[in-house]
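For reference, the chains in residue letters:
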Amino acid sequence: MKVVDLTHESFAERVSDFQQYPNGWEFKGNRPCIVDFHAPWCIYCKRLSPVLDELAVEYDGKIDFYKVDVDQEPLLESAFSIRTIPNLLFAPVEGTPWMKLGTIGKPQLKKMLDDLLAGIHE
């Protein structure tokens with residue numbers, strides 16, 4: 001699978017009604033997902049992007065990978081209080097999602113994805 005770009009409309013369809021976050025979170029996906037809040041001008045986002053592309057292939061059919069351009073989607077940026085990018089949203093099928101700054105290495109990110117699949121949140 002490849003990383004899919006989301007708008008606020010497609011986020012509400014595929015992930016959750018972001019306007020209810022965090023109090024009324026209801027996940028709409030069939031499998032866990034990770035959402036990368038990024039901007040095209042962000043150097044750290046550019047470094048993370050190929051890593052997410054690789055992991056999307058490795059975790060194909062297990063985890064859905066999405067991206068949100070915060071410059072194009074201010075409603076999502078505001079709803080999740082994004083102040084620093086990249087910022088990653090980890091959303092399990094059941095339970096509460098969590099955020100993590102995306103300036104992490106591939107081994108740590110893989111561990112977090114494995115934890116997401118296992119339903120573990122540190």
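Here the structure is shown first, and the text comes after it.
In short, a report on the structure. Just so we're clear, the structure is a prediction, and the values are computed from it rather than from any experiment.

Analysis parameters
- Residues numbered from 1 in each chain as written.
- Predicted model: local features only at pLDDT ≥ 70, side-chain atom pairs only at ≥ 80, totals over all residues.
- Heavy atoms only, no water.
- Buried < 20%, exposed > 50% of the residue type's maximum accessible area, 1.4 Å probe, protein only.
- Helix = DSSP H or I, 4+ residues; strand = E, 2+ residues; numbered from the N terminus.
- Pairing = 2+ DSSP bridges.
- Right-handed = clockwise from strand over helix to strand, strands pointing away.

1. Overview of the pairing of strand 2 (residues 33-38)
Taking burial as the measure, the six residues of strand 2 include six buried ones, the bulk of the element. Side-chain alternation along strand 2 places Cys 33, Val 35 and Phe 37 on one buried face and Ile 34, Asp 36 and His 38 on a second face that is also buried. Bridge count for strand 2 against strand 3 (residues 64-69) is six bridges, and the pairing is parallel. Bridging from a neighbouring strand, Phe 37 pairs with Val 68 of strand 3. In this fold, strand 2 hands off to helix 2 (residues 43-58), which returns the chain to strand 3; that crossover is right-handed.

2. Quick notes on the sheet that holds strand 3
Remark on secondary structure: sheet strands pair via backbone hydrogen bonds, oriented parallel or antiparallel. Across the sheet, which stays open at both edges, the five strands sit in the order 1-3-2-4-5 with mixed pairing between neighbours. Of all strands in the sheet, those bounded by a partner on one side alone are strand 1 (4-5) and strand 5 (98-101). Looking at chain direction, strand 4 (residues 87-91) and strand 5 are connected through four bridges and run antiparallel. Note on strand 5: the bridge partner recorded for Phe 90 is Trp 98.

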